[in-house]
Amino acid sequence: MTGVQTCALPIFWLQKRIDETSALFGAFVLVTSGFFALRIVHTNALQVTAHYPWLLLMVDSLVSERDPIQKTKASLLAALLLGSMLLLGYPQYVFISLFLVALYLMVTASWRELLSSLKYWVLAGLLGTLIGAGQLLPTFEYFTDSMRVNLGIDFVAWGSLNPLQFFQWFNPYIFKGYALSTQGFSSDTHEFGLFEGGFAVFALMLTLIKYKNIKHHKDLAKFGILLVAIGMFFSLGRSEEHT
């Protein structure tokens with residue numbers, strides 16, 4: 001779990017633009033969130049997730065830095081992070097990281113900043129893919145032989161959340177087995193729970209209430225709100241069969 005714990009450091013550096021106390025507390029909330037605790041059985045998935053804050057830190061540097069040398073350093077570090085994620089053998093979480101980066105850039109960066117950094121993005125993508133190719137190619141080959149290739153939309157929608165399960169934001173033990181229904185599951189259903197910690201919910205509600213009055217770093221608040229909204233939308237899917 002050392003990798004998960006160290007993911008607090010880049011969150012501290014990113015949020016330090018606000019103030020040190022908020023940055024430290026934000027890093028603490030991330031590391032102690034229910035997401036990591038409930039999914040401890042998927043170690044490689046959590047290790048990939050622990051790269052996300054580091055990747056966002058490099059992306060932020062690529063956009064904000066004006067010195068070409070600093071941009072190159074950030075690009076190379078981003079390539080190492082991408083390669084490391086690919087080598088962990090959990091490509092679906094790597095895909096989620098790319099979505100996370102795209103949303104962050106959409107909210108915080110201008111088109112001019114994106115275009116001025118285009119060559120650095122290409123460099124990071126190519127080098128990162130080459131670093132992770134040793135695992136990426138075998139993973140793709142294994143996937144083509146997997147029974148999951150042609151299972152259709154029903155399999156993709158399996159595990160979708162029922163809207164009622166969002167009550168777990170306020171009480172993680174409201175449902176037996178940590179899920180609304182355990183039909184089709186083993187008795188060990190903790191990874192289907194939905195609880196990120198009490199403060200995360202409080203912070204989200206406070207941000208929504210105070211959003212119009214936020215004067216500084218409003219782009220970060222917008223990024224967080226959009227991330228929650230999009231995540232909720234995609235998590236619902238077909239909830240009538242399994243949750």
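A brief report on the enclosed structure follows. All chains use their own residue numbering, which begins from 1 and follows the written sequence. Residues qualify for local features only when their pLDDT is at least 70, as the model is predicted, and side-chain atom pairs are given and counted only at 80 or more; totals for whole chains, interfaces and linings, by contrast, use all residues. Hydrogen atoms and water are omitted, and side-chain values are computed over all heavy atoms in the structure.

Before going further, it helps to examine the overall build of the protein chain. Looking only at helices and strands, one finds 13 helices and 0 strands in the protein chain. Strands are runs of DSSP state E lasting at least two residues, helices are runs of H or I lasting at least four, and both sets are numbered from the N terminus onward. Reading the protein chain from its N end, one meets helices and strands in the order α-α-α-α-α-α-α-α-α-α-α-α-α. Burial classes follow relative accessibility: with a 1.4 Å probe on protein chains only, a residue under 20% of its type's maximum area counts as buried, one over 50% as exposed, and anything between as partly exposed. For the protein chain, the proportion of its 243 residues judged to be buried stands at 35%. Look at the contacts in the protein chain between residues 6 or more apart in sequence, and 72% of them connect residues 24 or more apart. The contact definition used throughout considers only heavy atoms, calling two residues in contact when any of these lie within 4.5 Å.

It is worth spelling out the pattern of salt bridges at this point. Definition used for salt bridges: Asp or Glu carboxyl oxygen within 4 Å of a side-chain nitrogen of Lys or Arg. Enumeration over the complete set of coordinates arrives at 1 salt bridge. Residue E113 is joined to R66 by a salt bridge in which the shortest nitrogen-to-oxygen separation is 3.7 Å. Residue E113 is located in helix α9 (residues 111-116), and its partner R66 is located in the loop between α6 (52-64) and α7 (68-87); the two are separated by 47 residues in the primary sequence. When its relative accessible area of 59% is taken as the criterion, R66 is described as exposed.

Aromatic rings from Phe, Tyr and Trp, with only the six-membered ring used for Trp, were paired whenever their centres fell within 6.5 Å, and each pair was classed as stacked if the ring planes differed by under 30 degrees, edge-to-face if by over 60, and tilted otherwise. Evaluated as defined, the whole model comprises 4 aromatic pairs. The interplanar angle of 85 degrees and the centroid separation of 5.0 Å between the aromatic rings of Y90 and Y93 together place this pair among those described as edge-to-face. A relative accessible area of 18% places Y93 in the buried class. Measuring from ring centre to ring centre gives 5.3 Å for F233 and F234, while their planes differ by 75 degrees; the resulting arrangement is edge-to-face. Over the aromatic face of Y211 sits the side chain of K218, whose NZ or CZ is 4.6 Å from the ring centroid. Think of it as a cone above the ring: NZ of Lys or CZ of Arg counts as a charge over the ring if it is within 6 Å of the ring centre and within 35 degrees of the ring normal.

Excluding any residue in a salt bridge, patches collect residues exceeding 30% relative accessible area, merging like charges within 9 Å and nonpolar Val, Leu, Ile, Met, Phe, Trp and Tyr side chains within 5 Å. Here the open area of atoms and residues is found with the Shrake-Rupley method and a 1.4 Å probe, where only the protein chains shown may cover a residue. Residues F25, F28, F199, F202 and L206 make up a contiguous nonpolar surface patch of about 500 Å² in total accessible area. Of all the elements in the fold, those that place two or more residues in the nonpolar patch are α3 (20-31) and α12 (198-210). By residue number, the principal contributor to the nonpolar patch is α12, which donates 3 residues.

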